[in-house]
Amino acid sequence: MPTIADIASALEAFAPLHLQEDYDNAGLLVGDSGRECTGVLLTVDVNPDIVREAVTAGCNLIVSHHPLIFRGLKHLTGTSKVEKAVIDAIRSDVAIYAAHTNLDNATGGVSAEMAGMLGLVDVSPLQSIAGEPDTVGCGAIGRLATPLSAYELVQKVKSTFGSPIARCDEFDTTRTITSVALCGGSGAFLIPEAIKAGAEAFVTSDVKYHDFVDYAGRILIVDIGHHESENCSKNIFYHIITEKFPNFAVRYSQSDTNPIIYL
């Protein structure tokens with residue numbers, strides 16, 4: 001049976017920690033890396049419900065995309081969901097590991113996975129990282145093998161990523177789209193890069209009102225939910241771990257749902 005350190009090493013071989021942004025907190029956040037791993041629960045976020053699910057499923061390691069401990073903790077009193085999840089994990093001897101912006105920037109990371117789900121070809125990073133191979137970088141850009149109208153693309157994006165809505169700037173629904181850029185999570189900072197690269201549409205989340213206004217007419221912005229744009233991170237985790245450790249217990253969390261509801 002692999003140790004928690006063995007699982008972490010497999011994840012970091014795919015998404016090295018040095019690829020994370022300066023503000024991030026990826027890696028092993030809670031737990032003893034030397035313990036044998038009884039099973040892994042995969043999730044985008046960690047909260048007390050996820051910890052309970054891990055315990056019930058016999059998994060002593062949670063692998064998440066978003067770091068549970070991100071802004072730092074000044075006390076552990078259980079007054080927030082983050083504090084309670086940390087306390088519950090420690091009490092239950094459940095380790096917590098996060099691969100965040102290092103997974104975003106890695107070869108075959110979140111944006112590349114999104115591109116594959118959308119059926120893009122000739123995919124490459126949208127923004128490269130100095131000193132790293134050409135396949136490493138932030139965001140992704142590719143082309144549709146079969147061009148779609150702008151309206152058809154928006155519908156395809158919604159169905160592919162399970163987003164009930166898509167926020168878009170005002171656009172010509174009949175316009176033909178071939179080149180598409182993407183960024184999982186909050187990717188509005190890459191809009192200028194997408195335009196520079198010749199993308200006709202950009203799929204991401206958390207776009208501000210003024211971004212829609214400022215870039216209107218220059219590129220079709222398709223804003224889906226943050227959780228929806230990063231849900232595919234669990235698929236990446238699953239393939240990394242099961243390819244390295246066949247027949248090992250790796251589960252998708254059933255409690256991991258979008259914390260934002262649409263009314």
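Up top is the structure.
For clarity, every value in this text was computed on a predicted model and none was experimentally measured.

1. Let's talk about the sheet that holds strand β9 (residues 167-168)
Strand order in the open sheet formed by six strands is β5-β8-β10-β11-β12-β9, with mixed pairing between adjacent strands. Among the strands making up the open sheet, the edge pair consists of β5 (120-124) and β9. Sheet analysis places β9 next to strand β12 (residues 220-223), joined by two bridges and oriented antiparallel. Each residue of the ladder has a partner; that of Cys168, found in β12, is Val222. Along the sheet face, helix α5 (residues 110-118) touches β5, β8 (140-149), β10 (176-186) and β11 (201-205) and points at about 140° away from the line of β10. Lying over the sheet, helix α6 (residues 150-161) contacts β8, β9, β10, β11 and β12, oriented at roughly 120° with respect to β8.

2. Quick word on helix α2 (residues 48-57)
Restricting attention to buried positions, one finds in α2 the residues Pro48, Ile50, Val51, Glu53 and Ala54. On its buried face, α2 sits against β2 (40-43), β3 (61-64), α3 (81-92) and β13 (250-252). Where α2 begins, the capping side chain belongs to Asn47, and its oxygen is found 2.9 Å from the backbone nitrogen of Asp49. One or two residues past the end of α2 sits Gly58, with phi positive at roughly 75°.

3. Observations concerning the environment of Asp24
Looking at the secondary structure, you find Asp24 in the loop between α1 (4-14) and β1 (27-30). A residue is classified by how much of its surface remains accessible, and Asp24, at 10% relative accessible area, is buried. Between the alpha carbons of Asp24 and Arg71 there is a distance of 8.8 Å; along the sequence they are 47 residues apart. A distance of 2.5 Å separates polar atoms of two side chains, one belonging to Asp24 and the other to Thr101.

So, how was this worked out
- Residues numbered from 1 in each chain as written.
- Predicted model: local features only at pLDDT ≥ 70, side-chain atom pairs only at ≥ 80, totals over all residues.
- Heavy atoms only, no water.
- Pairing = 2+ DSSP bridges.
- Helix = DSSP H or I, 4+ residues; strand = E, 2+ residues; numbered from the N terminus.
- Contact = heavy atoms within 4.5 Å.
- Axes fitted to C-alpha atoms, helices over the stretch in contact; angles between N-to-C directions.
- Buried < 20%, exposed > 50% of the residue type's maximum accessible area, 1.4 Å probe, protein only.
- Polar contact = N/O pair within 3.5 Å; in protein donor to acceptor, adjacent residues only side chain to side chain.

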